[in-house]
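# Results of the structural survey
Okay, here's what each chain looks like letter by letter:
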Amino acid sequence: MALTDEQKKRIEENRKRALEIRQQKQAETEIQESNTTAITANNRGGFLVSELEELGQHKKRKTTDNEGVSNRSTLEIKQTNNNISRNEEQEDEESLEDFEISASEYITKSDAQRLYCLPLGTLAVCSHIERENPHRKGWSNMKLYSRSEVRRRARKRFGGKKGLIQEREKRKEKRLEKDLEETKDVFR
């Protein structure tokens, strides 16, 4: 069976379009690979984090008003806010708990609830990144929250580091009492 000229033309167009799509995908993956650094489990929990996220750097654009004059005040405000947040992070790092010292800068949802005693509502307003689920690719993406933001919100909620530790201990005791109550008649 011979192909008509119209069919040959359509096949050629589809082939060219497929090649363009392949080249675009290849370029995107090369960019992602160059921007993504594999981080070992010892220092970052085995998560893939882009260099920009790791360094806390973001693209800064100069904004212009209608007259074409550069609007430096918004850029200066952003830089000031970045400096303030860096100072807060430095203060937080100085008073880290033992388990936080070598931990990843990201934390899963369940760990954030367990370690920092935060409810789902508070986590819902925290910034997060989504990564492919490492346990199974078909499952929904996991949300990784910034540990420093979660720590800051938890300490604010419970009145500082000591208040958070007291709340964690209180919950641990409550779980223990509940478990003892459930198992008191096991050996009878």
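Everything below is about the structure printed above this text.
Throughout what follows, the structure given in this document is the object of discussion.

Thresholds, definitions, all that
- Residues numbered from 1 in each chain as written.
- Predicted model: local features only at pLDDT ≥ 70, side-chain atom pairs only at ≥ 80, totals over all residues.
- Heavy atoms only, no water.
- Salt bridge = Lys/Arg side-chain N within 4 Å of Asp/Glu carboxyl O.
- Helix = DSSP H or I, 4+ residues; strand = E, 2+ residues; numbered from the N terminus.
- Buried < 20%, exposed > 50% of the residue type's maximum accessible area, 1.4 Å probe, protein only.
- Contact = heavy atoms within 4.5 Å.
- Polar contact = N/O pair within 3.5 Å; in protein donor to acceptor, adjacent residues only side chain to side chain.

### Considering the pattern of salt bridges
Applying the stated criterion across every chain yields a total of eleven salt bridges. Note that Arg 155 and Glu 100 form a salt bridge whose closest N and O atoms lie 3.8 Å from each other. With a gap of 55 residues between them, Arg 155 in helix α7 (residues 147–158) and Glu 100 in the loop between α4 (72–94) and β5 (106–108) connect regions that are remote in the sequence. Each of the two residues, Arg 155 as well as Glu 100, counts as buried.

### Thoughts on the environment of Tyr 116
Here Tyr 116 shows up in helix α5 (residues 109–116). Using a relative accessible area of 0% as the deciding quantity, one classes Tyr 116 as buried. Spatially, the C-alpha atom of Tyr 116 lies 8.9 Å from that of Arg 153, the residues being 37 residues apart in sequence. Residues contacting Tyr 116, with those up to four places away along its chain left out, are Phe 99, Glu 100, Ile 107, Asp 111, Arg 147, Val 150, Arg 151, Ala 154, Phe 158 and Leu 164. A distance of 2.4 Å separates a polar atom in the side chain of Tyr 116 from a polar atom in the side chain of Glu 100. Within the structure, Tyr 116 has its side chain in polar contact with the side chain of Arg 147 (distance 3.4 Å).

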